[in-house]
Amino acid sequence: QSVPLEVKQAKAIINEPTGGCETSMKCLAGLVLGIRMDAELFNIQDPALIRICIRTADQVKQLSVPKRGDLVNVGAQNYRLLTQALLSLQVWSESLDVEISLVLELGSKDNLVPLSQTVKVSVLPKPVRR
């Protein structure tokens, strides 16, 4: 069997969040925090496989599927993703770094192909006051 002559690497560039910000995003523990995402994706054959991967400080991975309307086709197998990465955390005593990336999920949560570099965002979950 021969290898196709036009093999292209699938990749993504996350424009937002930029990461490295000294100010933590504040949220209430147990509720959902939306982190604005703006990304460009290239050479994606099946956009239904795209997942937003969020890894918390305790190494828990959360995968979410972007809404169909948030993914815009801008050319042959190229897309623009404008969405909110949704995250829910428990109370934490200090700010923690959350890592956000884009991946392709091939079959199972254990078979992830990274598309982008990881962006670190600082988050401070506060307790809900009663």
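## Focus on the overall build of the protein
Part 1 of the argument: For the protein, the count of helices and strands is zero helices and 10 strands.
Part 2 of the argument: Ordered by position from the N terminus, the helices and strands of the protein form the series β-β-β-β-β-β-β-β-β-β.
Part 3 of the argument: For the protein, the residues scored as buried account for 35% of the 130 residues in total.
Part 4 of the argument: Sequence-distant contacts, at least 24 apart, represent 69% of the contacts inside the protein between residues at least 6 apart.
Part 5 of the argument: A total accessible area of about 8500 Å² is found for the protein, and carbon and sulfur atoms account for 49% of it.

## Things to note about the pattern of salt bridges
Part 1 of the argument: Scanning the model with the defined rule gives four salt bridges in all.
Part 2 of the argument: E105 is the salt-bridge partner of R51, the closest N and O atoms lying 2.7 Å from each other. Here the residue R51 occupies a position in strand β4 (residues 50-55), and E105 occupies one in strand β8 (residues 96-105), the gap between them amounting to 54 residues. The two residues R51 and E105 agree in class, both being buried.
Part 3 of the argument: When the shortest N-O distance is used, the salt bridge between E99 and R55 registers 3.8 Å. Taken together, the residues E99 in strand β8 and R55 in strand β4 connect sequence positions 44 residues apart.
Part 4 of the argument: E99 gets classed as partly exposed once you look at its relative accessible area, which sits at 25%.
Part 5 of the argument: By relative accessible area, R55 is classed as partly exposed at 26%.

## Looking at the environment of R36
Part 1 of the argument: Relative to the elements of secondary structure, R36 occurs in strand β3 (residues 32-42).
Part 2 of the argument: For R36, the contacting residues outside a window of four places in its chain are E16, P17, T83 and Q84.

## A closer look at the packing of aromatic side chains
Part 1 of the argument: On inspection of all chains with the given rule, the structure shows zero aromatic pairs.
Part 2 of the argument: The side chain of K11 reaches across the aromatic face of F42, ending 5.7 Å from its centre.

## Section: the pairing of β8
Part 1 of the argument: Within β8, eight of the 10 residues are buried, leaving the element largely enclosed by the surrounding structure.
Part 2 of the argument: Pairing between β4 and β8: six bridges, direction antiparallel. Counterpart to R55 in the pairing with β8 is E99.
Part 3 of the argument: Pairing of β8 with strand β10 (residues 119-126) involves five bridges; the strand directions are antiparallel. Within β10, the position partnered with D97 by the bridge is S122.
Part 4 of the argument: Relative to strand β9 (residues 112-114), β8 is paired through three bridges, and the arrangement is antiparallel. Its bridge partner being in β9, E105 is matched across the sheet by L112.

Calculation rules
Residues numbered from 1 in each chain as written. Predicted model: local features only at pLDDT ≥ 70, side-chain atom pairs only at ≥ 80, totals over all residues. Heavy atoms only, no water. Helix = DSSP H or I, 4+ residues; strand = E, 2+ residues; numbered from the N terminus. Buried < 20%, exposed > 50% of the residue type's maximum accessible area, 1.4 Å probe, protein only. Contact = heavy atoms within 4.5 Å. Areas by Shrake-Rupley, 256 points an atom, 1.4 Å probe, with all protein chains shown as cover. Salt bridge = Lys/Arg side-chain N within 4 Å of Asp/Glu carboxyl O. Phe/Tyr/Trp six-rings, centres within 6.5 Å; stacked < 30°, edge-to-face > 60°. Lys NZ or Arg CZ within 6 Å of the ring centre and 35° of its normal. Pairing = 2+ DSSP bridges.

Read these as spatial facts, not as claims about activity.
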